[in-house]
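# Analysis of the macromolecular model
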Number of protein chains: 2
Amino acid sequence: MPRRERILADLGESALIQRIARRAGHPPGKSWALGIGDDAAILRTRPGEELVLSVDAQVEGVHFLFGRERPRTIGRRALAVNLSDLAAMGAEPVGSLLCLCAPRSMALAVFDALIAGFVAEARRFGCPLIGGNLSRAETASLIVTVVGRCVRGRALRRRGVRTGDLLYVTGTLGAAALARLRADRERSVLGRVPQPRLDAGRALARMDGVHGCIDLSDGLTRDLGQLLEGTSLGAEIDVARLPAPRGFGRACRELGLDPVELQAGGGEDYELLFALAPKSAVTDPVVLRKRLGVPVSPIGRVVRQAGIRGLPPIRGGHHY
Amino acid sequence: MPRRERILADLGESALIQRIARRAGHPPGKSWALGIGDDAAILRTRPGEELVLSVDAQVEGVHFLFGRERPRTIGRRALAVNLSDLAAMGAEPVGSLLCLCAPRSMALAVFDALIAGFVAEARRFGCPLIGGNLSRAETASLIVTVVGRCVRGRALRRRGVRTGDLLYVTGTLGAAALARLRADRERSVLGRVPQPRLDAGRALARMDGVHGCIDLSDGLTRDLGQLLEGTSLGAEIDVARLPAPRGFGRACRELGLDPVELQAGGGEDYELLFALAPKSAVTDPVVLRKRLGVPVSPIGRVVRQAGIRGLPPIRGGHHY
């Protein structure tokens, strides 16, 4: 019986990335402290310093729609989501490169607004636009490369969680998913831009006992899965402790939405999720809040038994 | 009378890039020795070293067609054209990031071949794939960021030509354009991958008196225009000295093509074009060939009077 040819949709994104990593071979050489599979790669530059590099794409029709968002917002977010990767590594921004693919028919006013939004965000976070590329394409996309800087050996990584580690998130969860669903229903313009947690990430990079850190782009459940990937460990989450924005429960009820599902599966919060050794000098959320400059909530812990307990199952697969 | 809204096609690529550079503001900060407008940006890292960063896109339907090229060739070229930017800066490859945008319906075999081609080229030139991103998109594109390394202050730049400078190109011109036109006519598979002139670029970076260097992606006339941009100078080119591949003239005649037009306007040669002070220690092409490890041809010189003399006018605009 002839089998249908396999396509990308048959595999999950993680499986495809592992396929690339296998092919690319690791370790990638002595210049690189970390290669494929984290929020960013780490390049050894000089004693006391390392650079982190990351690339991320915002594609029309997948990540944004011109009808639903202002071009300036799209330009801002293109950089913000990349800065969030630097935050997850505990890095300070150094600079950015923008590859803009756009159709020849794009209005110059739209182009200008995309760039203005990008540059405004670059100024705000001290991450100057220092190069890039302009290409014709049928649909628009903004592919951003960011460079950050860390104290040598202090960059945060995804991997390293151990049994008993305490799990925390910064800020609140669910606002982005709620705003998106609301804009869809009301056919209104979505103006939300994530706030990269750069200061919090840098504070974490200075602390000892941080066993893993990731930014929440795909939703708590999926990104917690990433933090646990490659281990046989699991996690127990106390949903009652998931930090929600003000008025979130009521807004969800009004729209007939399950608040926990939005918080765990909604994604695009771009908060930091991190694991802390239980014997760390600081585990008190009040003290952590002072150190990180942002509210911090303990949400559970890492356990020996595989799987994530306490969160609702993810609706739909996360296939490519 | 209402004016039509301006679109990207109304402006040239250079004008759009200048628009971005104006908005981004320069200089970009003390970390960066060079920002928008060259083949790559230059980051100061440690005494004695600088890093160069560049990004370039290969877009389906614009830069490649799956029907016309094997996926492995497309993957190889995606890195090769970026390595050519490093060559033009005189940099040694350090690593690469690949952002692959692909439709869900892409065959896994095509994905694997794209990656295999990219990784083969990465191994060949010592530029490991150390990170990237995978995104859904309607059409495929490969956006590559490369990082290279230079001796501090020795990176080659586009700008700096002076009156009297001698102009040289490496290798031969016209083969890529001929192969492309031939494949179009014969509807055959195009298997050509450019050879990045990394060794030649590094040799030039060690020499004194190099007043400008660029890789020939858009064709000699256009890229020479880039070398002269921002100056009031011009160039005189001796077309009889343009280096042609073996059998080129006959192949052009057989196909009814003008060889000089292909050599000057065809593009995608990815050879280096550089300007050398006439009083440099080495100006003899035979000695230069030994130093650079590749044939070098003197093709003309920089003159006080603006404009490029000796080359046929460019057919069609180079509008975005």
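Values in this document were obtained by computation on a predicted structure and should not be read as measured data.

## Quick notes on the relation of the copies chain B and chain A
Between the two copies of this chain, the relationship is a rotation about some axis together with a displacement along it. Mapping chain B onto chain A is achieved by rotating through 180° and translating by 0.0 Å along the same axis, at an RMSD of 0.0 Å. Such a combination of rotation and displacement between the chain copies is what one expects of a two-fold axis. Counting the interface residues of chain B, we find that 100% of their copies in chain A are interface residues as well, pointing to one common contact surface.

## Side note on the interface of chain B and chain A
Counting residues at the interface gives 63 residues for chain B and 63 residues for chain A. At the level of elements, α1 (13-24), β2 (41-46), β3 (49-59), β4 (92-102), α3 (108-124), β5 (129-136) and β6 (141-151) of chain B are the ones that each hand at least two residues to the side of chain B that touches chain A. The element contributing the most residues to the side of chain B that touches chain A is β5(B), with 8 residues.

## A closer look at α3(B)
Taking 1.5 Å as the rise per residue, α3(B) with 17 residues should run 24 Å; its terminal C-alpha atoms sit 24 Å apart, in good agreement. Within the span of α3(B), buried status applies to B:Val110, B:Phe111, B:Leu114, B:Ile115, B:Gly117, B:Phe118, B:Val119, B:Glu121 and B:Ala122. Here the buried face of α3(B) lies against α1 (13-24) of chain A together with α2 (71-89), β4, β5 and β6 of chain B. A positive backbone phi angle near 60° is found at B:Gly126, which sits one or two residues after α3(B).

## A word on unusual backbone geometry
Here A:Tyr270, not a glycine, exhibits a phi torsion of approximately 55°, which is positive. For A:Tyr270, the position within the fold is in the loop between α8 (259-265) and β10 (272-276).

## A closer look at the packing of helix α2 (residues 71-89) of chain A against helix α5 (residues 198-206) of chain A
All names here are of chain A. Between α2 and α5, the least distance of the axes is 7 Å, while the angle of their chain directions is 20°. The pairing of α2 with α5 is recorded here as roughly parallel in orientation. The handedness of the crossing between α2 and α5 is left-handed. On α5, the residues that touch Leu83, Leu86, Ala87, Ala88 and Met89 of α2 are Leu198, Ala200 and Gly201. In terms of residue class, the contact of α2 with α5 is built from 7 nonpolar, 1 polar and no charged.

## A closer look at the sheet that holds strand β9 (residues 234-237) of chain A
Residues and elements named next belong to chain A. Ordered by their spatial adjacency, 6 strands build an open sheet running β8-β10-β7-β11-β9-β12, and the pairing between neighbours is mixed. Strand pairing shows two members of the sheet lacking a second neighbour, β8 (210-215) and β12 (307-309), which therefore form its edges. Sheet twist, expressed as the average angle between the axes of neighbouring strands with direction ignored, equals 25°. Bridge analysis of β8 against β10 gives 5 bridges, and the strand direction is antiparallel. Bridging across to β10, aspartate 215 finds its partner in leucine 272. Helix-sheet contacts for α2 involve β8 and β10, and the interaxial angle to β8 is about 175°. Together, β8, β9, β10 and β12 form the strand contacts of helix α6 (residues 220-228), whose direction differs from that of β10 by roughly 40°.

## A closer look at the environment of A:Gly75
Secondary-structure assignment places A:Gly75 in helix α2. The contact partners of A:Gly75, leaving out residues within four places of it in the chain, are A:Ala113, A:Leu114, A:Ile115, A:Ala116, A:Gly117 and A:Phe118.

## A short note on the sheet that holds strand β3 (residues 49-59) of chain A
All names here are of chain A. If you trace the 6 strands from one edge of the open sheet to the other, you get β1-β2-β3-β6-β4-β5, paired in mixed fashion. Edge positions in the sheet fall to β1 (32-34) and β5 (129-136), since each of these pairs with one other strand and no more. The mean angle between the axes of side-by-side strands here comes to 25°, regardless of whether they run parallel or antiparallel. Two elements, β1 and strand β2 (residues 41-46), share 2 bridges in a ladder whose sense is antiparallel. Bridge pairing links tryptophan 32 to leucine 43 in β2.

The rules we used
- Residues numbered from 1 in each chain as written.
- Chains lettered and ligands numbered in written order.
- Predicted model: local features only at pLDDT ≥ 70, side-chain atom pairs only at ≥ 80, totals over all residues.
- Least-squares fit on C-alpha atoms with pLDDT ≥ 70 in both.
- Contact = placed C-beta atoms within 7 Å.
- Helix = DSSP H or I, 4+ residues; strand = E, 2+ residues; numbered from the N terminus.
- Expected span 1.5 Å × (residues − 1).
- Buried ≥ 20, exposed ≤ 12 C-beta atoms within 10 Å, placed from the backbone.
- Axes fitted to C-alpha atoms, helices over the stretch in contact; angles between N-to-C directions.
- Parallel < 35°, antiparallel > 145°, perpendicular 65-115°, else oblique.
- Left-handed = near helix turned anticlockwise from the far one by under 90°.
- Nonpolar A, V, L, I, M, F, W, Y, C, P; charged D, E, K, R; others polar.
- Pairing = 2+ DSSP bridges.

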